[in-house]
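A structural walkthrough
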Amino acid sequence: MERLLKLFLSIVVMFSVLSCDSKRERAEAVYNRAIHYPQGSMMSINGIKKATEIDSTYQQAVYELSVAYLKRGLPHKWKPQYDKSVLLDSVQRMPWRGYLHLWFYRDYKKAIEDFNSSDTLTPNFIDAPQGYSVDYWRGICYLGLKDYKNSIAYFDKYINIEIEESGEDWVEVTAFLYRGIAYFETENYEEALLNFDKQLQYSRDLSADAKYYKAQIFKVQSEIDEAKVLIEAAINDFEIGYYNNRPYVETLRQIYPEDLQALKTELQNVN
């Protein structure tokens, strides 16, 4: 079956090449057929690679080939390939490279460098890879670096701009969660609670993460009964799927059932 598929793709490529005039048109024809195969499959990768061989300046194909390598767990192929796409379109690809550095490699410093570079490239525009501003992503990066002051500053910037332009209900709710965690780590429990409550407000009171951190704060403040209620609610929210997570990779500060059960046990053992 695989040999037949390869033969079919070869025939498609041949007819595409014959029916197109320019190098770019031939590359686009091959690429458009290759992307109909499952992303990351060898049939898709081989087709996209063929398109880049026909026209090495076809940025979309150069970029998509790097994504295929990334999702197949081939970092030694992803980075050089993606860097080629940055050279072809740095305005679009620079902030996206920062996003990939952040989530797929947890290289917070390189991610910040790319986000900062994107500000230089587009000084009058806030880039938003994956739909969220680079200020939001920088807030996460600095949280990963345990630089809580800068993390809070960038979440403040992102949240304030969203409120000014669209309203508070347009703010990505995990911005409140992450800013709350940054305040929690600095032992500013008052501000932490305000942020966790904001997340719950815009998540229909369903968030294992927010309730888990609130329970920890109440434990520190010796409000044990309230903490016990919260941890039970957090466990319930987690069981029905309301917890912070991401596709492909573990999210920053992701919680697991073991974390919830450990806190529950601690609270049960408090005299």
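Residues numbered from 1 in each chain as written. Predicted model: local features only at pLDDT ≥ 70, side-chain atom pairs only at ≥ 80, totals over all residues. Heavy atoms only, no water.

Now for the packing of helix H7 (residues 108-121) against helix H8 (residues 134-144). Two numbers describe how H7 lies on H8: the axes approach to 9 Å, and their chain directions differ by 155°. By the criterion of interaxial angle, the relationship of H7 to H8 is roughly antiparallel. Considering only the axes of H7 and H8, their crossing is left-handed. Contact with H7, carried on its side by Tyr 108, Ala 111, Ile 112, Phe 115, Asn 116, Ser 118 and Asp 119, involves Val 134, Trp 137, Arg 138, Cys 141, Tyr 142 and Gly 144 of H8 and no other residues of that element. In the contact of H7 with H8, the residues fall into eight nonpolar, three polar and two charged. (Axes fitted to C-alpha atoms, helices over the stretch in contact; angles between N-to-C directions. Helix = DSSP H or I, 4+ residues; strand = E, 2+ residues; numbered from the N terminus. Parallel < 35°, antiparallel > 145°, perpendicular 65-115°, else oblique. Left-handed = near helix turned anticlockwise from the far one by under 90°. Contact = heavy atoms within 4.5 Å. Nonpolar A, V, L, I, M, F, W, Y, C, P; charged D, E, K, R; others polar.)

Turning our attention to the packing of aromatic side chains. Counting across every chain of the model gives 21 aromatic pairs. With a centroid separation of 5.8 Å and an interplanar angle of 40°, the aromatic rings of Trp 78 and Tyr 82 are classed as tilted. Pair noted here: Trp 78 and Tyr 82 are both in helix H5 (residues 75-88), with a separation of four residues, about one helical turn. By the burial criterion, Trp 78 is buried, and Tyr 82 matches it. With a centroid separation of 6.2 Å and 15° between ring planes, the pair formed by Phe 155 and Tyr 178 is classed as stacked. Placement of the pair is Phe 155 in helix H9 (residues 148-165) and Tyr 178 in helix H10 (residues 173-185), with a sequence separation of 23 residues. In terms of burial, Phe 155 and Tyr 178 fall into one category: buried. Ring-pair connections join several aromatic residues into one group, and the members of that group are Trp 96, Tyr 99, Trp 103, Tyr 132, Tyr 136, Trp 137, Phe 155, Tyr 158 and Tyr 178. The ring of Tyr 63 is capped by Arg 93, whose NZ or CZ atom sits 3.5 Å from the centre of that ring. (Phe/Tyr/Trp six-rings, centres within 6.5 Å; stacked < 30°, edge-to-face > 60°. Buried < 20%, exposed > 50% of the residue type's maximum accessible area, 1.4 Å probe, protein only. Lys NZ or Arg CZ within 6 Å of the ring centre and 35° of its normal.)

The next thing to look at is the environment of Met 94. On the secondary structure map, Met 94 appears in helix H6 (residues 90-105). Classification of Met 94 as buried rests on a relative accessible area of 12%. Taking the C-alpha atoms as reference points, Met 94 and Glu 266, 172 residues apart in sequence, are found 45 Å from one another. Discounting residues that sit within four places of it in the chain, Met 94 has contacts with Val 86, Asp 114, Ser 117, Ser 118 and Leu 121.

This next bit is on H7. With 14 residues, H7 should reach 20 Å at 1.5 Å per residue; the first-to-last C-alpha distance of 20 Å fits that figure. Along H7, the residues classified as buried are Tyr 108, Ala 111, Ile 112, Asp 114, Phe 115 and Ser 118. Across the axial projection of H7, the buried residues extend over an arc of 160°, all falling on one side. Away from its buried face by more than 90 degrees, H7 exposes Lys 109, Glu 113 and Thr 120. (Expected span 1.5 Å × (residues − 1). Arc of directions from axis to C-beta.)

This part is about helix H3 (residues 42-54). Taking 1.5 Å per residue as the helical rise, H3 with its 13 residues ought to reach 18 Å, and the 18 Å between its terminal C-alpha atoms agrees with that figure. Among the residues of H3, those classed as buried are Met 43, Ser 44, Ile 45, Gly 47, Ile 48, Ala 51, Thr 52 and Ile 54.

This part is about the nonpolar core. By size, the foremost hydrophobic cluster in this structure holds 75 residues, and its most contacted members are Trp 103, Ile 140, Tyr 178 and Phe 196. Beyond its immediate stretch of four places on either side in the chain, Phe 196 contacts Leu 177, Gly 180, Ile 181, Phe 184, Ala 210, Tyr 213, Lys 214 and Ile 217. (Core = buried A, V, L, I, M, F, W, Y, C linked by side-chain atoms within 4.5 Å.)

Position of Asp 135 relative to the elements: it lies in helix H8. Asp 135 gets classed as buried once you look at its relative accessible area, which sits at 2%. The contacts of Asp 135, once residues within four sequence positions are left out, are Ile 126, Tyr 154, Lys 157, Tyr 158 and Ile 161.

So, on to unusual backbone geometry. Note: most residues except glycine have negative phi, and most peptide bonds are trans. One non-glycine residue with positive phi stands out, namely Gln 130, at about 60°. For Gln 130, the location among the structural elements is in the loop between H7 and H8. Positive phi outside glycine occurs at Lys 146, with the angle close to 65°. Checked against the element boundaries, Lys 146 lands in the loop between H8 and H9. Exposure remark for Lys 146: the relative accessible area of 61% places this residue in the exposed category.

Bringing the confidence of the model for the protein into the picture now. Atom-level detail of predicted coordinates should not be read off regions where pLDDT is low. The predicted model of the protein averages 91 in pLDDT, with 92% of residues at 70 or higher. Below pLDDT 50 for its whole length, residues 4-9 participates in six contacts with residues either more than four positions away or in separate chains. Within the model, the stretch residues 15-19 combines pLDDT values under 50 with five contacts to residues more than four positions away or in other chains. (pLDDT = per-residue confidence, 0-100.)

Looking now at the pattern of salt bridges. Using the criterion set out here, one finds 14 salt bridges in the structure. A salt bridge links Asp 237 to Lys 211; its shortest N-O distance comes to 2.8 Å. Placement of Asp 237 in helix H13 (residues 224-239) and of Lys 211 in helix H12 (residues 208-220) is noted, with a sequence separation of 26 residues between them. You can call Lys 211 buried: its relative accessible area is 8%. By sharing partners, the salt bridges in this structure join Lys 79, Asp 83, Arg 97 and Asp 114 into a single network. (Salt bridge = Lys/Arg side-chain N within 4 Å of Asp/Glu carboxyl O.)

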